[in-house]
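Descriptive analysis of the structure
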Amino acid sequence: MTHRVVITGMGAITPIGAGREEYWKNLLAGVSGVGRVTFPGVEMDQYKTRIAATVENFSLSDYLPGSRKTKYLGRTSQMAIAATKLALEDAKFELTFDRRGAEIGGVDPFRIGVVLGTASGNEDIFENGLKEFFEDKGPRRTSPHALPYQLISSVAATLSITYGCRGISYVIPTACSSAAQAIGNSYRHLKEGPEDVIITGGADCAITPIIVAGFQATRAMSTRNGEPEKASRPFDRERDGFVMGEGAGVVILEKLDHALRRNAPIYAELVGFGMNCDAYHITIPEPEGRAFAQAIRTAMAEAAIKPEDVDYINAHGTSTRLNDAIETRAIKDVFGKRAYDIPVSSTKSMIGHLLGAAGGAEMIATVLSIRDGRIHPTINYEFPDPDCDLDYVPNRMREAPVDVAVSNSLGFGGFNAVLIVRKFDG
């Protein structure tokens, strides 16, 4: 039996707000979360890029007060747990808490799974461990918590432990397409598998000295340090690279019959997923965007939709020279003349690039466009680029009915993931 899959809850921790509605309000208003960044004990003049979109004043204790399980967690795991709490509450699950964690009422724990995307896992634990090892403690005083909590798999493991989820649990680490592929895999599990509910999306907090230095070496990051709020400018002619962000975007996917039985809120239906690989280069997208275009076609075929059915595209839109032009080319390849009539916007223009969490935060924005009939803008769009000649919803929110929407994600290594959501028709 094949099941329909719906989205019943959403939780966001982002540079422009925590919680579904604050995040959405600021997206519609075109608020930028980008500012200057510093690293304790590091001379920032060594960096050509000194800006990022950070989550200010975040504390997991605001979401899980008194829990002993959070003491050794890295920042990525903490944000995943916080966003999940928001998403579960949004989906109207009853949560009971004690110092050991939480229990999700009304669902068999063996039928609730966790599939999360992250590109770097708990990089902060890894880098702090390196510093302590080489500068302070050495091998004899290395913490027994350092290794297990910095593993990429720990992001899913600690989430499952916190909420008592005993179904499938794993991490997708496909760079910047991680969260989108996690959502797509979860969709496939629910269509055919035993789980009734899957917590999915992504989390990534990689604004660290080593990661920023590594991305800087690829020459893919913006160096517009004097105007941080204007640095992320997808599809604009003057774009000079992406801006790193951090955060988490978690959605609750549920089998339709299970959601109906418990009278859950239903935001939208997930109807298509396409995933493939450019097989071209470790950092550069394939110039013609052929594999990416095929991923869009695969998702559309599963969703049984035609180009004229699509009302909105939430773009990957990184603000890099290559990505934006190649994504535009792929969209035109798939949609032909219709491409010029479809609104396309980039969430990254405001929250930066959340790396492995990007697809989760962008899925929330896509679903809320369907709910409200509003499309958030691409901010900082000032100078048209002949290679990027679509309707990018420049600078101002737009009111428009959205019944079918596409969310695009691309990752280093050529990983492509496309998700299609539709307004739930009952």
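Residues numbered from 1 in each chain as written. Predicted model: local features only at pLDDT ≥ 70, side-chain atom pairs only at ≥ 80, totals over all residues. Heavy atoms only, no water.

A word on the pairing of strand β1 (residues 5-14)
- Taking burial as the measure, the 10 residues of β1 include 10 buried ones, the bulk of the element.
- As defined by bridge partners, β1 adjoins strand β11 (residues 268-277) across 3 bridges and the pair is classed as antiparallel. By the bridge assignment, valine 5 is partnered in β11 with leucine 270.
- Sheet topology places β1 next to strand β10 (residues 247-255); 8 bridges connect them, and they run antiparallel. Paired with valine 5 across the strands is lysine 255, a residue of β10.
- Of the pairings in the sheet, the one linking β1 to strand β2 (residues 17-18) comprises 2 bridges and is antiparallel in character. For isoleucine 13, the partnering residue across the bridge sits in β2 and is alanine 18. (Buried < 20%, exposed > 50% of the residue type's maximum accessible area, 1.4 Å probe, protein only. Helix = DSSP H or I, 4+ residues; strand = E, 2+ residues; numbered from the N terminus. Pairing = 2+ DSSP bridges.)

Section: the side chain of threonine 14
- Looking at the element boundaries, threonine 14 is found in strand β1.
- Looking at threonine 14, its side chain comes within polar contact range of the main-chain oxygen of glycine 17, at 2.8 Å. (Polar contact = N/O pair within 3.5 Å; in protein donor to acceptor, adjacent residues only side chain to side chain.)

Some words on the pairing of β11
- Here β11 lies mainly inside the structure; 7 of its 10 residues are buried.
- Looking at chain direction, β11 and strand β17 (residues 415-422) are connected through 8 bridges and run antiparallel. Bridging across to β17, methionine 275 finds its partner in alanine 417.

Topic: the packing of helix α6 (residues 178-192) against helix α12 (residues 358-372)
- One can describe the packing of α6 onto α12 by two numbers: an axis separation of 5 Å at closest approach and a directional angle of 65°. Taken together, α6 and α12 sit at an angle that is classed as roughly perpendicular. Every residue of α12 that contacts α6 at Ala179, Ala180 and Ile183 is listed here: Gly359, Gly360 and Met363.
- Here the contact of α6 with α12 is composed, by residue class, of 4 nonpolar, 2 polar and no charged. (Axes fitted to C-alpha atoms, helices over the stretch in contact; angles between N-to-C directions. Parallel < 35°, antiparallel > 145°, perpendicular 65-115°, else oblique. Contact = heavy atoms within 4.5 Å. Nonpolar A, V, L, I, M, F, W, Y, C, P; charged D, E, K, R; others polar.)

What about the side chain of threonine 76?
- The residue threonine 76 is located in helix α2 (residues 75-90) in this model.
- Threonine 76 sits in the buried class, given a relative accessible area of 0%.
- With near-sequence residues (within four places) excluded, threonine 76 lies in contact with Thr118, Gly121, Asn122, Val155, Ala203, Asp204 and Cys205.

Brief notes about the pattern of salt bridges
- By the definition in use, this model includes 27 salt bridges.
- Here glutamate 302 makes a salt bridge to lysine 191, at a shortest N to O gap of 3.0 Å. Residue glutamate 302 is located in helix α9 (residues 290-303), and its partner lysine 191 is located in helix α6; the two are separated by 111 residues in the primary sequence.
- Lysine 191 gets classed as buried once you look at its relative accessible area, which sits at 15%.
- The partner of aspartate 389 in a salt bridge is lysine 332, and the shortest N-O contact between them spans 2.9 Å. Here aspartate 389 is found in the loop between β14 (374-375) and β15 (398-399), whereas its partner lysine 332 is found in helix α10 (residues 321-335), with 57 residues between them in sequence.
- Via salt bridges that share partners, Arg20, Glu21, Asp90, Arg371 and Asp372 belong to a single interconnected network. (Salt bridge = Lys/Arg side-chain N within 4 Å of Asp/Glu carboxyl O.)

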